[in-house]
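# Reading the structure
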Amino acid sequence: MPVPVAFPATLPLRLQKIGVAVLAGHGDDDQIVPVGAPALRTAGILKDATLRLYPGGDHGLAQTRQAPVNADLPAVLTGE
């Protein structure tokens, strides 16, 4: 069972300062940080975020789902 995750108080303020396009990727099978509120909240705070949910993706998404994540990056970073 996943442990509830709390946002550090300063995290929203730090996320608001990011001024570049961000791929906010989250696996729908993450057993450490469930996809619900953290992913949605993070993507909502960032100024230029694209939220992508990866089916079967776990907590090590960037390592275990490299191909789909890498395929999404160019479009996100160029604003396409």
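Coordinates for the structure precede this section.
Summarised in this report is the structure supplied together with it. Small disclaimer: the values here were computed from a predicted structure and weren't measured. Per chain, residue numbering runs from 1 following the sequence as it is written. With pLDDT at 70 or above as the cut-off, local features in this predicted model cover only qualifying residues; side-chain atom pairs require 80 or more to be listed or tallied, and sums for whole chains, interfaces and linings still use all residues. To obtain the side-chain values, all non-hydrogen atoms of the structure were used and water was disregarded.

Once that is clear, we can look at the pattern of salt bridges. Salt bridges are identified by distance alone: a Lys or Arg side-chain nitrogen within 4 Å of an Asp or Glu carboxyl oxygen. In this structure the tally under the stated criterion is 1 salt bridge. We note a salt bridge from D72 to R52, for which the minimum N-O separation is 3.4 Å. Taken together, the positions of D72 in helix α4 (residues 66–78) and R52 in strand β2 (residues 49–54) put the pair 20 residues apart, joining distant regions of the chain. The rule is simple: take the accessible area with a 1.4 Å probe, protein chains only, and divide by the maximum for that residue type; under 20% is buried, over 50% is exposed, in between is partly exposed. Judged by relative accessible area, D72 falls into the buried class, the value being 18%. On the basis of relative accessibility, which here comes to 29%, the residue R52 falls in the partly exposed class. In this text, helices come from DSSP runs of H or I with a minimum length of four residues, and strands from runs of E with a minimum of two, each type numbered from the N-terminal end.

So, about the pairing of strand β1 (residues 22–27). With 5 of its 6 residues buried, β1 lies for the most part within the structure. Strand pairing is assigned whenever DSSP detects at least two bridges linking the two strands. Here β1 pairs with β2 via 6 bridges, running parallel. Bridging across to β2, G27 finds its partner in Y54. Here a crossover is taken to be right-handed if, once the strands point away from the viewer, the path from the first strand over the helix to the second is traced clockwise. Tracing the backbone out of β1, into helix α2 (residues 36–45) and back to the parallel element β2 gives a crossover that is right-handed.

Taken residue by residue, α2 has P38, A39, A43 and I45 as its buried positions. Axial view of α2: buried residues confined to an arc of 165°, hence all on one face. Facing away from the buried side of α2 by over 90 degrees, the exposed positions are A37, L40 and G44. Buried residues in α2 make contact with α1 (11–16), β1 and β2. Within this analysis, the arc is defined by the directions that extend from the helix axis to the C-beta atoms. Note on definitions: a residue-residue contact is assigned when non-hydrogen atoms from the two residues lie within 4.5 Å.

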